[in-house]
Each structure stands twice: as structure tokens, then as C-alpha cells.
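Now for the letters of each chain:
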Amino acid sequence: MRAEGETIRQVDYSEGLQVGYRCYQAQGEQPLFAFGHGLSYTDFALFGLKVSASGDSGDDGLTVRFRVTNSGKRTGTEVPQVYLELPRSAGEPAPRLVAWERVTLQAGQSRTVTVHLSAREIAERHLTQYWDSARDEWRTPSGTFTAHVGASSHTTRAREITLGRP
């Protein structure tokens, strides 16, 4: 409860969706430690990114596959992150984090990582949608989506994919 005569403090946030790693990307800034950056005693390489719009289970989800290699001299753990960028027509800032996978590898070891987002998960989490405040509803933009995979928000490789109707 508010004490008599106490005023309510109002804070206006004018940055909209450009907060955290999205702000840095929108401004073209490179932070010292990007979102998702981890420290390790070894090095990792991510390559061979493949994205498909239909999962192995045939549920019209999204499947992202890539290889992770421990290119260092000791065992270590990497947490590759999957980001999804909506088509430009959505007017959304930087790609959004949609999944990640923790991978522990011995020196020189490689592993193929498969991240599957089911159609249900995509719908429930609004991963391919944006909020249209003028219409007061979630909207799915048409066009080309881009999947990004990397060790942080600033070290990603990308593949374009068309989801839904082109």
C-alpha cells in the first residue's frame, strides 16, 4: 500500500525491443563479452550448418544441424546457441535466441548436434511471430527467415530458410 501523499514513480522505457544483446547488434557495437559468451580452456569450431523446415517426425517444425569440434588440447564444454531472425518486413530487431545445446568434447573430438523445434513449440513460444500492437495480435510475417548458430550472439553463422508461405 502507498502511504498518504506518496507519489507513484513512473519510468518510461523508450528502447522498445532493443535491450541486451539486441541493442548492441542494432547499434553495431561489439561488447567485450557478447551474450552467451563462455570462458573455456580449449577452443571449439562450429561448421556444417543445415536447416530444414520439416522435422524428422514430419511435424513441420524446424530442425537445425551442425558440427561442433573441440579443436583445442583438452576436454571442454561448449554451449552452441540457435537464433532465429524474422524477415525484415516484421521490423523486429536482431535475431532471437530460440534454443541451445550443451556439448562436452574431448580434445579433437567432433559431434553432430541436432536441435529440433516442433511446430507446437514454435507456435506456443511465438518463435516465428511478432506482436502487432496496432492489431493487438501475434502475426507471422511472410518471407525468408534466417537461422543463426554460434558460441555467442556475435559469433554466428547463418542459413536462410523459408517457413510457412513464401
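Residues numbered from 1 in each chain as written. Predicted model: local features only at pLDDT ≥ 70, side-chain atom pairs only at ≥ 80, totals over all residues. Heavy atoms only, no water.

Undergrad: Lay out the overall build of the protein chain in plain terms, naming residues and giving numbers.
TA: Within the protein chain, the secondary structure is distributed over two helices and eleven strands. Sequence-distant contacts, at least 24 apart, represent 60% of the contacts inside the protein chain between residues at least 6 apart. Per element, the accessible surface of the protein chain, about 10800 Å² overall, is 47% carbon and sulfur. (Helix = DSSP H or I, 4+ residues; strand = E, 2+ residues; numbered from the N terminus. Contact = heavy atoms within 4.5 Å. Areas by Shrake-Rupley, 256 points an atom, 1.4 Å probe, with all protein chains shown as cover.)

Undergrad: Could you give me a rundown of the pairing of strand β10 (residues 144-150), with the residues and numbers involved?
TA: Among the seven residues in β10, six count as buried, and that is most of the element. As defined by bridge partners, strand β4 (residues 81-85) adjoins β10 across five bridges and the pair is classed as antiparallel. Bridge pairing links Gln81 to Gly150 in β10. (Buried < 20%, exposed > 50% of the residue type's maximum accessible area, 1.4 Å probe, protein only. Pairing = 2+ DSSP bridges.)

Undergrad: Quick one: what's the story with the sheet that holds strand β2 (residues 62-70), residue by residue and with numbers?
TA: Pairing in this open sheet of three strands is antiparallel, and the strands run β1-β2-β7 from one edge to the other. Across the chains shown, the open sheet's two edge strands, defined by having one partner strand only, are β1 (44-52) and β7 (110-117). Shown here is a sheet whose adjacent strand axes are inclined to one another by a mean of 20 degrees, direction ignored. Bridge analysis of β2 against β7 gives eight bridges, and the strand direction is antiparallel. Residue pairing for β7: Arg67 is matched across the bridge by Thr112. (Axes fitted to C-alpha atoms, helices over the stretch in contact; angles between N-to-C directions.)

Undergrad: Quick one: what's the story with the side chain of Asn70, residue by residue and with numbers?
TA: With respect to the helices and strands, Asn70 occurs in strand β2. In this structure the side chain of Asn70 is engaged in a polar contact, spanning 2.8 Å, whose partner is the side chain of Thr42. A polar contact of 2.9 Å, which involves the side chain of Asn70, links it to the backbone oxygen of Arg74. Apart from the residues lying within four places of it in its own chain, the contact partners of Asn70 are Thr42, Asp43, Phe44, Thr75, Gly76, Leu105, Gln106, Ala107, Gly108 and Gln109. (Polar contact = N/O pair within 3.5 Å; in protein donor to acceptor, adjacent residues only side chain to side chain.)

Undergrad: With reference to specific residues and values, describe the packing of aromatic side chains.
TA: Applying the stated criterion to the full structure yields one aromatic pair. Ring centres 5.5 Å apart and planes at 75 degrees place the aromatic pair Trp131 and Trp138 in the edge-to-face group. (Phe/Tyr/Trp six-rings, centres within 6.5 Å; stacked < 30°, edge-to-face > 60°.)

Undergrad: Kindly report on the environment of Phe47, identifying the contributing residues and their values.
TA: Along the chain, Phe47 turns up in strand β1. Between the C-alpha atom of Phe47 and that of Phe66, which follows or precedes it by 19 residues, the distance is 5.9 Å. Once residues within four sequence positions are removed from consideration, Phe47 is found in contact with Phe66, Arg67 and Thr69.

Undergrad: Account for unusual backbone geometry, naming residues and giving values.
TA: Positive phi values are uncommon outside glycine, yet His126 reaches one of about 55 degrees. Tracing the backbone shows His126 in the loop between α2 (119-124) and β8 (130-132). At Asp136, a position not held by glycine, the phi torsion is positive, near 60 degrees. Within the secondary structure, Asp136 is located in the loop between β8 and β9 (137-139). Taking the relative accessible area as the measure of exposure, Asp136 reaches 56% and is therefore exposed.

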